[in-house]
Amino acid sequence: MTKRLLLAALAACLLVIPVTASAQITVTITPPSAPPAPRAYVQQAAPAPNYVWVPGYWSWEEQSQQWAWVDGYWIEDQPGYVIVQPEWVNDGGRWVHRRGGWARRGTRHVEVDFDRNRRWRAERREERREFRDDRRDFRQERREDRRDVRQDRREDRREERRDDRRERRVVVRPGGRGGPRVIVRPR
């Protein structure tokens, strides 16, 4: 029953999500005040000649009820497109955030929301990194456990051999009138 509900919810979500964004994405958030002035920062050198700079901007965090700075970054240039910078616009007393993205030259109509894709890729990259780290740690622990088991077995075998040698060296034979005779054989 639960699986059916989850599948139905997933199917409904997939029907609602557009495959390609054809309109500029506008998110209406009502922060209590205008965003602070942009931060001053030193722009890093481009990683390659075909990269363009996406400037940083302020983001309103609903959970913490405060402004958070999103750093600028370099992104590979898309031929035939220009960057539309993310911005906050005062719309009749309400602050509206327009996400940045790629627009055809000569327009401000965002066709690809690079910010969402960038965050998604960064999250996936982080998840893969964490998975690799967890897997590496698990393998290391397993190797250490195996090494400990082998070491314990070696010690047990050494102890058994030592006991066997002691038993072979000491021989108790029934004696005459004086009791049993103990003979210690040299190695």
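In what follows, the structure referred to is the one given above.
Attention here is on the structure that accompanies the text. None of these values were measured; they are calculated from a predicted model.

Quick word on the overall build of the protein
Regarding its fold elements, the protein presents 2 helices and 12 strands. The order of helices and strands in the protein, counted from the N terminus, is α-β-β-β-β-β-β-β-β-β-β-α-β-β. Looking at the protein as a whole, 19% of its 187 residues are labelled buried.

Brief notes about the nonpolar core
One recurring pattern in soluble globular proteins is that nonpolar side chains are buried together. Counting residues in hydrophobic clusters, the biggest one holds 6 residues: Trp-58, Trp-60, Trp-67, Trp-69, Trp-88 and Trp-95. Among the elements of the structure, strand E3 (57-61) and strand E4 (66-70) are those that each provide at least two residues to this core. Counting 5 residues, the second-largest nonpolar core is a separate cluster that includes Val-54, Tyr-73, Tyr-81 and Trp-102.

Quick notes on the sheet that holds strand E9 (residues 101-104)
Sheet architecture is open: 3 strands sit in the order E6-E9-E10, paired in antiparallel fashion. A strand with exactly one partner marks an edge of an open sheet, and here the two such strands are strand E6 (81-84) and strand E10 (110-112). Ignoring strand direction, the axes of neighbouring strands in this sheet form an average angle of 55°.

Focus: the pairing of E9
Bridge count for E6 against E9 is 4 bridges, and the pairing is antiparallel. Pairing of Ile-83 across the sheet is with Trp-102, part of E9. Sheet topology places E9 next to E10; 2 bridges connect them, and they run antiparallel. From the neighbouring strand, Ala-103 faces E10, where its bridge partner is Val-110. Here E9 folds back onto E10 in antiparallel fashion, the turn holding 5 residues, of which Gly-106 has a positive phi close to 90°.

What to know about the pattern of salt bridges
Considering all chains together, one arrives at 4 salt bridges under this definition. For Glu-87, the salt bridge identified is with Arg-98, shortest N-O distance 3.7 Å. Of this pair, Glu-87 sits in strand E7 (residues 87-91) while Arg-98 sits in strand E8 (residues 94-98), and the two are 11 residues apart along the sequence. Taking relative accessible area as the criterion, Glu-87 reaches 27% and is therefore assigned partly exposed. For Arg-98, a relative accessible area of 31% puts it in the partly exposed group. Across the pair Glu-126 and Arg-129 runs a salt bridge, and its minimum N-O distance is 2.6 Å. With Glu-126 and Arg-129 both in helix H2 (residues 114-169) and 3 residues apart, this pair spans about one turn of that helix.

Examining the environment of Trp-67
Checked against the element boundaries, Trp-67 lands in strand E4. Taking C-alpha positions, Trp-67 is 9.7 Å from Ser-33, a pair spaced 34 residues apart along the chain. The residues contacting Trp-67, other than those within four sequence positions of it, are Pro-31, Ser-33, Ala-34, Pro-35, Pro-36, Trp-58, Ser-59, Trp-60 and Trp-88.

Describing unusual backbone geometry
Positive phi, close to 55°, is recorded for Gln-65, a residue that is not glycine. Position of Gln-65 relative to the elements: it lies in the loop between E3 and E4. On the accessibility criterion, Gln-65 (48% relative accessible area) is partly exposed.

Structural notes on the environment of Tyr-51
The residue Tyr-51 is located in strand E2 (residues 51-54) in this model. In this structure, the C-alpha to C-alpha distance between Tyr-51 and Gln-78, residues 27 residues apart in sequence, is 8.9 Å. Every residue in contact with Tyr-51, bar those within four places of it in the chain, is listed here: Trp-74, Ile-75, Glu-76 and Asp-77.

Thresholds, definitions, all that
All residue numbers here refer to positions counted from 1 along the written sequence of the relevant chain. Where local features are concerned, this predicted model is filtered to residues with pLDDT of at least 70; where side-chain atom pairs are given and counted, the filter is 80 or more; whole-chain, interface and lining totals use all residues. To get the side-chain values, take all heavy atoms of the structure and skip hydrogens and water. Only DSSP runs of H or I covering at least 4 residues are called helices, and only runs of E covering at least 2 are called strands; the numbering of each starts at the N terminus. Using a 1.4 Å probe on the protein chains alone, a residue whose accessible area is under 20% of its type maximum counts as buried, one over 50% counts as exposed, and one in between counts as partly exposed. Here, the term nonpolar core denotes a set of buried Ala, Val, Leu, Ile, Met, Phe, Trp, Tyr and Cys residues that are joined through side-chain atoms within 4.5 Å. The criterion for strand pairing is that DSSP finds at least two bridges linking the strands in question. Only the contacting stretch of a helix is used when fitting its axis, a line to C-alpha atoms as for every element, and angles between N-to-C directions run 0 to 180 degrees. When a carboxyl oxygen of Asp or Glu is within 4 Å of a side-chain nitrogen of Lys or Arg, the pair counts as a salt bridge. Whether two residues are in contact is decided by their heavy atoms: any pair within 4.5 Å suffices.

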